Amino acid sequence: MTAITITELERQYIVLTQDGLPLVPKPYHWLADKLAISVEETLAMTKDLLDRGVIRRIAAVPNHYKLGYKFNGMTTWDICDERAQEFGEKVGQLPFVSHCYLRPRHLPQWNYNLFAMVHGRTEQEIKEKQHQIKELLSDVLQTHQGQANDILTSTRILKKTGLRLRNGKK
Amino acid sequence: MQLDPLSAPVLDKLSQQIINAYQRGFPVCSRPFEVLANEFDVSEQAVIDCLQTLDDNQVLSRLGPVFDHKKAGASTLAAVAVPMDKMDEIAEIINQFEAINHNYAREHDYNLWFVVTASDQEALDIAIKDIETATGYEVLVLPMEKSFHIDLSFDVCFKPTKQKAS
């Protein structure tokens, strides 16, 4: 995937907002002030960043641990390459899958090419979701070695931050 | 459902409405909170106060843009397999790199999983080399080849009262 070139002003925009907008009545005015441009320009820039996909969404981002979704499982699958695209799409459409990616295998250490992240309030819940994915993939599961699939449950978050861009002025 | 009260706070109606409706599509306009206020039939200040409380309680991790770091640079998923008794030590070393923005302990031979981001591919390759040098472990590099679906919304509806029976 090719990275999009961003301007210096856009880089500043990211640095200023990556920890969130201030909870004040006019948050984009605050941002405009910081960027030393007009509010209209700030709003237009925001829409442009959204259109280009640099901003994926503007959101109230919940802390899913605090919402009770304490368990996340990275399910990993060894599926046949010819049908990986087709089945990746199917898995990605499951409502409980938050991320679904194809990644390269690294044989012999790593034989899985499809990754799907599932979340749940209990370990049982994520195991059930893994099972549903397994049924969906039953025709294309294969094994280069060892197992055809696995689930890597997360036991601890050791670090989690959003996108980090360094402030160039530092 | 019995939930740990510390981890699953009982959220009031407005909190639930905001979280359920605005995990995307927060308005881009001069007074965005007023838009929410009109939608939920409360005052603008009530919306701001509600979000502030959620933020204070850490139910909200932030309100603002979610950036796609693949569009604004280069990134990859990566993992290392380290002995259990060395996990904390190695995680600490990895976390010190600014290029790291997630690091999860997972139950597997590859037990530390993290995302490395950089301004471009060259800087990313250098960061990975640096991590290998600093930790002494080979890094399994698993860049995304294709993405199918991103951004899950988490529904909140924990409050047994005042909800329509389903």
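Residues numbered from 1 in each chain as written. Chains lettered and ligands numbered in written order. Predicted model: local features only at pLDDT ≥ 70, side-chain atom pairs only at ≥ 80, totals over all residues. Heavy atoms only, no water.

Interfaces are often sized by the amount of accessible area the parts lose when they come together. Taken residue by residue, the interface counts 84 residues in chain A and 80 residues in chain B. For the chain A and chain B pair, buried surface summed over both sides reaches about 7800 Å², with 60% attributable to carbon and sulfur atoms. Joining chain A to chain B, the criterion identifies one salt bridge. Arg56 of chain A is paired through a salt bridge with Asp68 of chain B; the nearest N and O atoms lie 3.8 Å apart. At 11 residues, strand S5 (residues 149-160) of chain A tops the list of elements feeding residues into the side of chain A that touches chain B. Its residues assigned to classes, the side of chain A that touches chain B shows 42 nonpolar, 25 polar and 17 charged. Taken together, the seven bridges between strand S1 (residues 55-62) of chain A and strand S1 (residues 60-67) of chain B define a ladder with antiparallel strand orientation. Paired with Ile55 of chain A across the two strands is Phe67 of chain B, which belongs to S1 of chain B. (Contact = heavy atoms within 4.5 Å. Buried area = accessible area lost by both parts, 1.4 Å probe. Salt bridge = Lys/Arg side-chain N within 4 Å of Asp/Glu carboxyl O. Helix = DSSP H or I, 4+ residues; strand = E, 2+ residues; numbered from the N terminus. Nonpolar A, V, L, I, M, F, W, Y, C, P; charged D, E, K, R; others polar. Pairing = 2+ DSSP bridges.)

What follows concerns helix H4 (residues 84-92) of chain A. Restricting attention to buried positions, one finds in H4 of chain A the residues Ala84, Phe87, Gly88, Val91 and Gly92 of chain A. The buried residues of H4 of chain A occupy one face: seen down the axis, they fall within an arc of 145 degrees. (Buried < 20%, exposed > 50% of the residue type's maximum accessible area, 1.4 Å probe, protein only. Arc of directions from axis to C-beta.)

Once that is clear, we can look at the side chain of Thr42 of chain A. Residue and element names in this part refer to chain A. With respect to the secondary-structure elements, Thr42 resides in helix H3 (residues 39-51). A distance of 2.9 Å separates a polar atom in the side chain of Thr42 from the backbone oxygen of Ser38. Not counting chain neighbours up to four residues away, the residues in contact with Thr42 comprise Tyr28, Leu31, Ala32 and Ile37. (Polar contact = N/O pair within 3.5 Å; in protein donor to acceptor, adjacent residues only side chain to side chain.)

All names here are of chain A. With the rule as written, the count across this model stands at 10 salt bridges over all chains. We note a salt bridge from Glu123 to Lys127, for which the minimum N-O separation is 3.7 Å. On the criterion of helical spacing, the pair formed by Glu123 and Lys127 is a turn pair, its members being four residues apart in helix H5 (residues 123-136). On the basis of relative accessible area, Glu123 is assigned to the partly exposed category, the value being 34%. Of the residues examined, Lys127 reaches a relative accessible area of 35% and is grouped as partly exposed. A network of salt bridges, in which partner residues are shared, links Glu10, Asp48 and Arg52.

For the rest of this paragraph, the subject is the side chain of Asp68 of chain B. Checked against the element boundaries, Asp68 of chain B lands in the loop between S1 and strand S2 (74-80). Residue Asp68 of chain B is classed as buried on the basis of its relative accessible area of 8%.

Right, let's get into the confidence of the model for chain B. Residue and element names in this part refer to chain B. The pLDDT averaged across chain B works out to 84; a share of 84% of its residues lies at or above 70. Under a pLDDT of 50 for its full length, residues 1-7 has, in the predicted model, 11 contacts with residues more than four places off or in other chains. Confidence drops under a pLDDT of 50 for residues 158-166, and excluding neighbours within four residues, the segment shows 12 contacts in the predicted structure. (pLDDT = per-residue confidence, 0-100.)

Before going further, it helps to spend a moment on unusual backbone geometry. Excluding glycine, most residues fall at negative phi; most peptide bonds, likewise, are trans. Residue and element names in this part refer to chain A. With an omega dihedral of 5 degrees, the bond running from Leu107 to Pro108 counts as a cis peptide bond. Relative to the helices and strands, Pro108 resides in the loop between strand S3 (97-102) and strand S4 (114-120). Its identity as a non-glycine residue notwithstanding, Ala36 has a phi of 60 degrees, on the positive side. Checked against the element boundaries, Ala36 lands in the loop between helix H2 (27-35) and H3.

So, about the packing of helix H2 (residues 32-40) of chain B against helix H3 (residues 44-56) of chain B. All names here are of chain B. Across the interface, H2 lies against H3 with an axial gap of 8 Å and an inter-helix angle of 105 degrees. On the basis of the axis angle, H2 is roughly perpendicular to H3. When H2 is examined against H3, the residues Phe33, Glu34, Leu36 and Ala37 are found in contact with a partner set consisting of Glu44, Val47, Ile48 and Leu51. Its residues assigned to classes, the contact of H2 with H3 comprises six nonpolar, no polar and two charged. (Axes fitted to C-alpha atoms, helices over the stretch in contact; angles between N-to-C directions. Parallel < 35°, antiparallel > 145°, perpendicular 65-115°, else oblique.)

Below, the discussion takes up the packing of aromatic side chains. To describe a pair of aromatic rings, one takes the distance between the centres and the angle between the planes. Here the structure, examined in full by the defined rule, presents seven aromatic pairs over all chains. Where Tyr13 of chain A meets Phe67 of chain B, the ring centres are 6.5 Å apart and the plane angle is 85 degrees; that geometry is what we call edge-to-face. With Tyr13 of chain A in helix H1 (residues 8-17) and Phe67 of chain B in strand S1, this residue pair bridges two chains. Across the pair, Phe67 of chain B and Tyr13 of chain A agree in class, each one buried. Geometrically, the ring pair formed by Trp110 of chain A and Tyr112 of chain A is edge-to-face, given 5.2 Å between the ring centres and 85 degrees between the ring planes. Assessed through its relative accessible area of 1%, Trp110 of chain A is described here as buried. Looking at Tyr112 of chain A, the relative accessible area reads 4%, which means it is buried. Lys90 of chain A extends its terminal NZ or CZ atom over the ring of Phe87 of chain A, reaching a point 4.7 Å from the ring centre. Here Arg106 of chain B stacks its cationic end above the ring of Tyr104 of chain B, 5.0 Å away from the centre of that ring. (Phe/Tyr/Trp six-rings, centres within 6.5 Å; stacked < 30°, edge-to-face > 60°. Lys NZ or Arg CZ within 6 Å of the ring centre and 35° of its normal.)

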